[in-house]
Amino acid sequence: MRIAVIAAAAALLAACQGQQAAAPPTATVRATTATAPADLQLICASKAAEQYNVSSEQTLPTGSSVLGGGQYEVQLTLAGAPARCVIDDNAEISTLALVG
Amino acid sequence: MIRVLAAITALIVAAPALATQIYNPNTRTWVDYDPRQAARYYQMHGSVPKEFRRQVVRFRTAEKPGTIIIDGDKHFLYLVQEDFTAIRYGIGVGRDGFGWAGIVEVGRKAEWPRWTPPAEMVARDPEAAKWANGMPGGPENPLGARALYLYEDGRDTIYRIHGTHQPWSIGLDISSGCIRMNNDDVIDLYNRVQPGAKVIVLMSGAALYRGV
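Summary of the structure given here. For every chain, the first residue of the written sequence is number 1, and numbering continues from 1 along that sequence. For naming, the first written chain is A and the first written ligand is 1, with later ones following in the order written. Totals for whole chains, interfaces and linings use every residue, but because this is a predicted model, local features are given only for residues with pLDDT of at least 70 and side-chain atom pairs only at 80 or more, for both listing and counting. Side-chain measures were taken over the full set of non-hydrogen atoms in the model, leaving aside hydrogen atoms and water.

1. Digging into the pairing of strand β10 (residues 155–162) of chain B
Residues and elements named next belong to chain B.
Part 1 of the argument: Two strands make a pair as long as DSSP finds a minimum of two bridges between them. The secondary structure listing takes helices from DSSP runs of H or I that are at least 4 residues long and strands from runs of E that are at least 2 residues long, numbered from the N terminus. Where strand β9 (residues 146–152) and β10 come together, five bridges link them in antiparallel fashion. By the bridge assignment for β10, Tyr-151 is matched with Asp-156.
Part 2 of the argument: From the end of β9 to the start of β10, which pair antiparallel, there are two residues, and Asp-153 there has a positive phi angle of about 50°.
Part 3 of the argument: In terms of strand pairing, β10 meets strand β12 (residues 179–180) through two bridges, oriented parallel. From the neighbouring strand, His-162 faces β12, where its bridge partner is Arg-180.

Written out as structure tokens, the structure reads:
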């Protein structure tokens, strides 16, 4: 009897811990493909326009992805020329280069 | 009601690879946020999910206050404010093959706009064909309460930011390329934006509108 009670208590405790581990996310919706925040994408575009002397009207992010560790990769077009930018959550750009 | 269900069914058939998921707390899983899910959520809660409701957020940018930035991937429209903030609104965007990216501007604005479907929409959509000569503004009009007409180099792009008579559709890839908002939100945006405002549209992998 005592063993059964202890086993039941252990199972209950495990279930509670399992629920804690699977705590619901704070967000209720998400995009199926994770992308960089829009403001960081545009910071990359702005810096690229300045660095390569291209009009900001012809500079646009065309895609982005999450690299992990608070870093994002942003693909850009600079008047038709592709470029790549790596930026972090603090808006620090570590890489900015034309591709190809 | 039957017409609404028929419209939702048609949208499900036409739906692309889905871009939004919603968390189901009962099953503790992420599920595709398709037109059926969206309509059910709206019916149960009387509003869209909290992320798609109007709110002020941090937004680090050198763009001028009054600039509109559209993140088509996440279904957000940002209106840049002072002090590195923006007003964020939920939007619906173009379905597969109808998304686009580019830099345009607000050419003009209209209250309770008249809707005239473009010829290609008339050709493919019998519902639109009924209004080939134009549908007067009003609560049943697909453009909703307000429209901001997007121009490039002084020419109409045919794309608009507009309201909708389907408020549940925010968060979906559902339009023919226009940016749709709930009527309350598009009225708020309309009152804050002036013709000439810059509009930057971001959407991963989408066709670039001319000029970029």
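2. Quick notes on the sheet that holds strand β2 (residues 59–68) of chain A
All names here are of chain A.
Part 1 of the argument: The sheet built from four strands is open, its strands ordered β2-β3-β4-β5 with antiparallel pairing. The open sheet is flanked by β2 and β5 (93–98), the only strands paired with a single partner. Direction aside, the axes of adjacent strands within the sheet are offset by 15° on average.
Part 2 of the argument: Pairing between β2 and strand β3 (residues 71–78): eight bridges, direction antiparallel. Bridging across to β3, Ser-64 finds its partner in Val-74.
Part 3 of the argument: Relative to β3, helix α2 (residues 38–51) is tilted by about 50°, and along the sheet it contacts β2, β3, β4 (81–88) and β5. For helices, the axis comes from a line fit to the C-alpha atoms of the stretch in contact; other axes are also lines fit to C-alpha atoms, and the angle between any two N-to-C directions lies between 0 and 180 degrees. The contact definition used throughout considers only heavy atoms, calling two residues in contact when any of these lie within 4.5 Å.

3. Some remarks on the packing of aromatic side chains
All names here are of chain B.
Part 1 of the argument: Two rings from Phe, Tyr or Trp (for Trp, the six-membered ring) form a pair when their centres are within 6.5 Å of each other. A pair whose planes differ by under 30 degrees is stacked, one over 60 is edge-to-face, and the rest are tilted. Applying the stated criterion to the full structure yields seven aromatic pairs over all chains.
Part 2 of the argument: Judged by centre distance (4.5 Å) and plane angle (15°), the rings of Trp-100 and Tyr-159 are stacked. With Trp-100 in strand β8 (residues 100–111) and Tyr-159 in strand β10, this pair connects stretches of sequence that are 59 residues apart. Neither Trp-100 nor Tyr-159 differs from the other in exposure class; each is buried.
Part 3 of the argument: Measuring from ring centre to ring centre gives 6.0 Å for Tyr-159 and Tyr-209, while their planes differ by 75°; the resulting arrangement is edge-to-face. With Tyr-159 in strand β10 and Tyr-209 in the segment after β14 (207–208), this residue pair connects regions lying 50 residues apart in the sequence.
Part 4 of the argument: Classification of residues uses two cut-offs on accessible area relative to the type maximum, computed with a 1.4 Å probe and protein chains only: under 20% is buried, over 50% is exposed, and between them is partly exposed. Residue classification places Tyr-209 among the buried residues on the basis of a relative accessible area of 13%.
Part 5 of the argument: Through pairs of rings, three or more aromatic residues link up here, namely Phe-52, Phe-59, Phe-76 and Tyr-78.
Part 6 of the argument: We call a charge positioned above a ring when the Lys NZ or Arg CZ atom is no farther than 6 Å from the ring centre and deviates by at most 35 degrees from the ring normal. In this arrangement the basic side chain of Arg-108 is found over the ring face of Tyr-149, its NZ or CZ atom lying 3.7 Å from the centre.

None of the figures reported here should be taken as evidence of function without further support.
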